[in-house]
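Coordinates in review
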Amino acid sequence: MDIEKKLQLLSERLRYIQDIFGHRKNEHIELLKAKLDEFLKREPNLSHPDKVRELASLEDLFTFQENRLERDLTPMDKVRIVRHPQRICLKDILENVYDNYTEIGGQDEYSIDPSMLIARAYITRRVRGRVHHQPVMVIGQEKGHGQEFRNGGSVKPWGNAKALHYMKVAETENIPIHTYIFTPGSYPIEDYPGAAQQIARNLYEMAALKVPVIAIFSEGGSGGAEAIGMADKRLMLSHGYYSVISPEGAAAIESGIRQGQRAPVEFIENAARNLKITAEDNKRQGYIDRIVPEPPLGARPEHYDFFKLLRQEVISATDEVVLKVRGIKLFRAWALRRRKRMQTMRTDAESLFVRWSLSANAREDLLVRRYQRFAHMSRKAFLDPRSTWKRAHSSAYDLLWSVYSFFRYDMFRKHSKKVRHTVEEVGAEVQYVWDKVLSPVKKVRNMLSKPKALPPEKEQQLTQLSYWEEENGAQDGAWKYVSPKAREDRAITCPNAATHGCLDLWAPDLYGDFAGVCSYCGHHFRMEYHWYLYNVFDANSIYEFNDEIESQNPLDYEGFSQKLEQAKKKTGLKSACKTFEARIDGIQLVVAMLAADFRGGSVGAAEGEKFFRAAERARKKHFPFLAYVHGTAGIRIQEGVNGVIQMPRCTLAVRRYIDAGGLYLVLYDTNSYAGPVASFLGCSPYQFSIRSANIGFAGPGVIKETTGMDIPPDYHKAYSALSRGHIQGIWDRREVRGNLQQALLTMGGRNLYYR
Amino acid sequence: MLDITKLLEELKASPYEEQAIYTPHTGVVTFPELKPGDSVAGVSGTYKEKPGTTLAYIERERNKKSINAQESGEIVALNTELEGQFVEAGQQIATLRHYLSKDEVISIILKQTLYLFPAPERAKYYFTPDIDQKVKASGASAVTVRPGMELLIMSRMKRESPVFYEGPEGVIYAVYFQPNENVDVGEPLFGVCPPDQLSQIEDVVVRVQTEWMERQ
């Protein structure tokens, strides 16, 4: 290599280092800069051999200092590393880690979404002279090296739809999936198929994807990462980050700045540290399995050794997942375990041969393991002050229900259903023959007798699809719970007054008699969640469970403990989620309610756990499951990945419940945004909204900030969500009880909840 | 025929429009810290979603509402003697002076000089297919209209009927309706300019575009 080229490379290395350390002053960087400048000054006067010698020593100095600087890296430096245009991207990985690949779904800007890259790739192993080609589906966000059209790896909804499509293809072909996560987050637009909806759909499908999925995290930003991140093995690059929100976003929320302004640098550095986003932090918390070490200051496309290592890691990760669920695995599993202990796996993963296609039994086993794996995550991140005796009692209760449910539904029900169906079939045959035989007699009798009139109630029942009884609907303004806002003697203006000409309403009328509904335009004012507890469910039918589970501050986020205490004191709740059993007109159901009063209804580890347990309880008890979302601001950012992980976790619980035959209904009220909507709420086939609610992925401010688009004021309104196909219906608050009952009966069918 | 130059001179002499602000209903009025001469902002945002500067508050039955400026401009007068007093609906509380923008001046001149063809009914209007094609290809000014000409289709409640043009012969200079949007009865659909005045109007428009000084 000639001197010029080497010099250019060195100055590029220096620029990279300066970029990574941002505004921070560092003596090592100063030294490198001084030495390089000095050499550049002296270079024209030096002889060639001198140049070569001095350049070699300069290169050594660079390597030495890079190793030293590596130790000074802060979490925010790592964020800058993954965002750097020189960072490795998925194309580099495809070139260097896989033996052969074909891009699917278009190339570069000529594809439905250039930031999502799909490739059918091969890994070739030579074992004892035989060559084995093993196909994999590689799916991941592609940032490119400074390519504008890739949107920085922010995937649009249709990009995630493309990913889902090819996951299904991989499932059909029975080949493993390797997903590479290089995203700062999803592109927040609601255009069909909708950012939130599509992520929810991806998670729901991935929960039952019957092929091994290996995820490799480089930049994992919240919802965007989860869209392809639910995996059996999760690896992370040592200089990557995996977080609930970008440090800038967290700092903006924490410092309470206005839209369009930038948060102070110290706030951002602090947020990056507080959020515990690095690979080590995530490994410690159990959200990733292994860290793939990168060269000092992060991997760049010229680090070929790193690609070699990454290849070994993905191969052995896939081997491990496959061997775990395989029939014959004894010695190879042992060998893998031994290698892991001896830390030698990185060099000779290819010498061991494991076929990656799975048998039908192994596929089922894979799903069970995936479920268990996510079920155990984040269980240390909430407070469970129950005594040992209480815990034992609750486990025994669960166990008894499992046993009862097995005998009652799986064994007895299956056979009784079969018998009933046979009897029905035979009965219908006999009926037909009998009717034919008796038809002449009937004809004569009909001719002689007059038809009898039905009693009016009977006729009404038979001829009307639904008829409203007196206690349904408005209840003549006699609500069982009256909002405290009704006690104020004041008038309230409807926000639609300017366009609809609504007159001012007197608070006692509005909140007392009209249930918070404007009597001119039907606008629904915000109502406390207690209103629903008393006016929707049967009187005294609510039985709360798991109420001891309490939100806490698992990351020791600065100042968050006090805020939690305040919220607990103000609302009397221990977390934003309340789970209970209740009845509607005698129909028993399990309800998980997210209350907006507690930290905006945000979901953290405690809320996720309660939701998870509620779904499990509904499955064991064979009750329908209602998620009443009084409002949710999304995932609780102060809990970091402990919060984000609730997205795949709760989706798995919901999927298992639905697959077991359950009826899962979601009812949105007020404002519901972000993570929960993009996962365990958005995946329900039956989602309804109370009128005037807002539903979406990201709020208007976030959309403006990330995409630069102004969005119409009604972008997130329930009616827009309905026309985009996000929800299936909009209900009036005064009719919720009747509508829920009707929904349970029609969607659950005669047997309710159980197919 | 209107003297366009004179009209423009008149507009130049008083390049603003005065707007009186009235109370929408009864209540106790309070004023924020504003004084005559202050400039105020009107509604803004792509969807006009951001309200303008608050000019006053009116409170009735413990329901405090703000009265905001609709257009940008300058406060001429503020009836601060009403501060803290109970007033009737329709009481004038402020006067705003809104300086005309180029577009507003052009539209005032056009509305006075052109023949405005009114909508006969509240309905949606479309050009007839052949005219529509012409408009799309080379703009509305390429269409010369004559009395009795079948020009528009009026569409209401799935009933579509032709609209015949009545008025002086000329070219369509301005179109005021949008396809798929209802136009109220009597609202202008388009403005027609006699062929001999066309160059004069174009002249004035160019003059306004180059000469008119915008205050805000």
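Identification of chain B as Biotin attachment protein from Oceanidesulfovibrio indonesiensis is taken from an unreviewed UniProt entry.

Named according to an unreviewed UniProt entry, chain A is Acetyl-coenzyme A carboxylase carboxyl transferase subunits beta/alpha originating from Oceanidesulfovibrio indonesiensis. Word for word, the UniProt comment on chain A under Subunit (unreviewed entry) is "Acetyl-CoA carboxylase is a heterotetramer composed of biotin carboxyl carrier protein (AccB), biotin carboxylase (AccC) and two subunits of ACCase subunit beta/alpha." The UniProt entry for chain A carries the following comment under Function (unreviewed entry): "Component of the acetyl coenzyme A carboxylase (ACC) complex. Biotin carboxylase (BC) catalyzes the carboxylation of biotin on its carrier protein (BCCP) and then the CO(2) group is transferred by the transcarboxylase to acetyl-CoA to form malonyl-CoA."

Within chain A, the regular secondary structure consists of 28 helices and 20 strands. Here the analysis covers contacts within chain A between residues at least 6 apart in sequence; of these, 74% occur between residues at least 24 apart. Carbon together with sulfur atoms contributes 53% to the accessible area of chain A, which is approximately 34900 Å² in total. Taking the average location of the 108 positive side-chain charges in chain A and that of its 92 negative ones, the two points are 7 Å from each other.

When you go through chain B residue by residue, the secondary structure sums to four helices and 16 strands. Computed over its C-alpha atoms, the radius of gyration of chain B comes to 22 Å, more than 25% above the 17 Å expected for a compact globule of 216 residues. Taking the principal axes of the C-alpha coordinates as reference, chain B spans close to 60 × 45 × 30 Å. Taken over 216 residues, chain B has a buried fraction of 37%. Seen as two clouds, the 22 positive and the 32 negative side-chain charges of chain B have centres 5 Å apart.

On to unusual backbone geometry, then. For residues besides glycine, phi is generally negative; the peptide bonds are generally trans as well. Residue and element names in this part refer to chain A. P193 follows Y192 through a cis peptide bond whose omega is 10°. By secondary structure assignment, the location of P193 is in the loop between strand 6 (177-183) and helix 7 (195-206). The phi angle at K276 is positive, at roughly 50°, despite the residue not being glycine. Counting through the fold element by element, K276 comes out in the loop between helix 10 (265-274) and helix 11 (279-285). A positive phi angle is found at H622, which is not glycine, with a value near 60°. Summarising the element assignment, H622 is placed in the loop between helix 22 (605-621) and strand 15 (625-629). By relative accessible area, H622 is classed as buried at 4%.

All names here are of chain A. On the surface, a cluster of nonpolar side chains totalling about 600 Å² of accessible area is made up of L399, V403, F406, F407, M411 and F412. Its place among the elements puts F412 in helix 16 (residues 388-448). Given the relative accessible area of 52%, F412 is considered exposed.

Our focus in this paragraph is the interface of chain A and chain B. With eleven residues of chain A at the contact, the number on the chain B side is eight residues. Taking both partners together, chain A and chain B bury about 850 Å²; carbon and sulfur atoms supply 40% of that area. Run the count over chain A and chain B and you get three salt bridges. Ionic pairing is found between R62 of chain B and E488 of chain A, a salt bridge with its closest N-O pair at 3.8 Å. Our enumeration of links across chain A and chain B arrives at nine residue pairs in polar contact (both at pLDDT 80 or more). When its residues are assigned to classes, the side of chain A that touches chain B shows five nonpolar, one polar and five charged.

Here we take up the sheet that holds strand 14 (residues 587-594) of chain A. Residues and elements named next belong to chain A. The seven strands lie next to each other as 12-13-14-15-16-18-20, forming an open sheet whose pairing is mixed. Every interior strand has two partners, whereas the edge strands, strand 12 (543-544) and strand 20 (729-731), have only one. Direction of pairing for strand 14 relative to strand 15: parallel, over a ladder of five bridges. By the bridge assignment, A592 is partnered in strand 15 with A627. Contacting strand 12, strand 13 (577-584), strand 14, strand 15 and strand 16 (664-668), helix 22 runs over the sheet at an angle of about 30° to strand 13.

It is worth spelling out the domain arrangement of chain B at this point. We note that the domain assignment places domain 1 (16-99) and domain 2 (103-211) within chain B. Domain 1 of chain B and domain 2 of chain B are separated by 36 Å when their C-alpha centres are compared.

Time to look at the packing of aromatic side chains. Residues and elements named next belong to chain A. Tallied over the full model, the rule gives 23 aromatic pairs over all chains. Relative to F525, the ring of Y511 lies with its centre 6.3 Å away and its plane at 70°, an arrangement referred to as edge-to-face. Note that Y511 is positioned in helix 19 (residues 507-513) and F525 in the loop between helix 19 and helix 20 (529-535), a separation of 14 residues in sequence. The pair Y511 / F525 is uniform in exposure class, with both members buried. Relative to Y657, the ring of F625 has its centre 5.8 Å away and its plane inclined at 80°; by these criteria the two rings are edge-to-face.

Within helix 9 (residues 247-255) of chain A the residues assigned to the buried category are P247, G249, A250 and A251 of chain A. Buried-residue contacts for helix 9 of chain A involve helix 4 (75-83) and helix 10 of chain A.

The full count for this structure, using the stated rule, is 62 salt bridges over all chains. In this structure, R97 of chain B and E18 of chain B form a salt bridge, with 2.8 Å as the shortest nitrogen-oxygen distance. Of the two residues, R97 of chain B sits in strand 8 (residues 92-99) while E18 of chain B sits in strand 1 (residues 16-22), which places them 79 residues apart along the sequence. Several salt bridges converge on common partners, so that one network encompasses R24, D77, R80 and E269 of chain A.

Once that is clear, we can look at the sheet that holds strand 16 (residues 188-193) of chain B. All names here are of chain B. Ordered by their spatial adjacency, four strands build an open sheet running 9-16-14-11, and the pairing between neighbours is antiparallel. Taken across any chain shown, the strands that pair with only one partner, and hence form the sheet edges, are strand 9 (115-118) and strand 11 (144-145). With four bridges joining them, strand 9 and strand 16 adopt antiparallel strand pairing. In the strand pairing of strand 16, F117 is matched with F190. Where helix 4 (residues 198-211) meets the sheet, it contacts strand 14 (170-175) and strand 16, and its direction lies at approximately 25° from that of strand 14.

The next subject is the pairing of strand 15 of chain A. All names here are of chain A. The buried fraction of strand 15 is high, at five of five residues. Here strand 15 shows two buried faces, one formed by F625, A627 and V629 and the other by L626 and Y628. By the bridge criterion, five bridges tie strand 15 to strand 16 in an arrangement that is parallel. Directly across from V629, in strand 16, lies its bridge partner Y668.

Criteria and cut-off values
Residues numbered from 1 in each chain as written. Chains lettered and ligands numbered in written order. Predicted model: local features only at pLDDT ≥ 70, side-chain atom pairs only at ≥ 80, totals over all residues. Heavy atoms only, no water. UniProt positions renumbered as here; feature names shortened; annotations may be inferred. Helix = DSSP H or I, 4+ residues; strand = E, 2+ residues; numbered from the N terminus. Contact = heavy atoms within 4.5 Å. Areas by Shrake-Rupley, 256 points an atom, 1.4 Å probe, with all protein chains shown as cover. Lys, Arg positive; Asp, Glu negative; His and termini not counted. Charge placed at Lys NZ, Arg CZ, Asp CG, Glu CD. Rg over C-alpha atoms; globule rule 2.2 N^0.38 Å. Buried < 20%, exposed > 50% of the residue type's maximum accessible area, 1.4 Å probe, protein only. Patch = residues over 30% accessible without salt bridge, like charges linked within 9 Å, V, L, I, M, F, W, Y side chains within 5 Å. Salt bridge = Lys/Arg side-chain N within 4 Å of Asp/Glu carboxyl O. Buried area = accessible area lost by both parts, 1.4 Å probe. Polar contact = N/O pair within 3.5 Å; in protein donor to acceptor, adjacent residues only side chain to side chain. Nonpolar A, V, L, I, M, F, W, Y, C, P; charged D, E, K, R; others polar. Pairing = 2+ DSSP bridges. Axes fitted to C-alpha atoms, helices over the stretch in contact; angles between N-to-C directions. Domains from an automatic or database assignment. Phe/Tyr/Trp six-rings, centres within 6.5 Å; stacked < 30°, edge-to-face > 60°.

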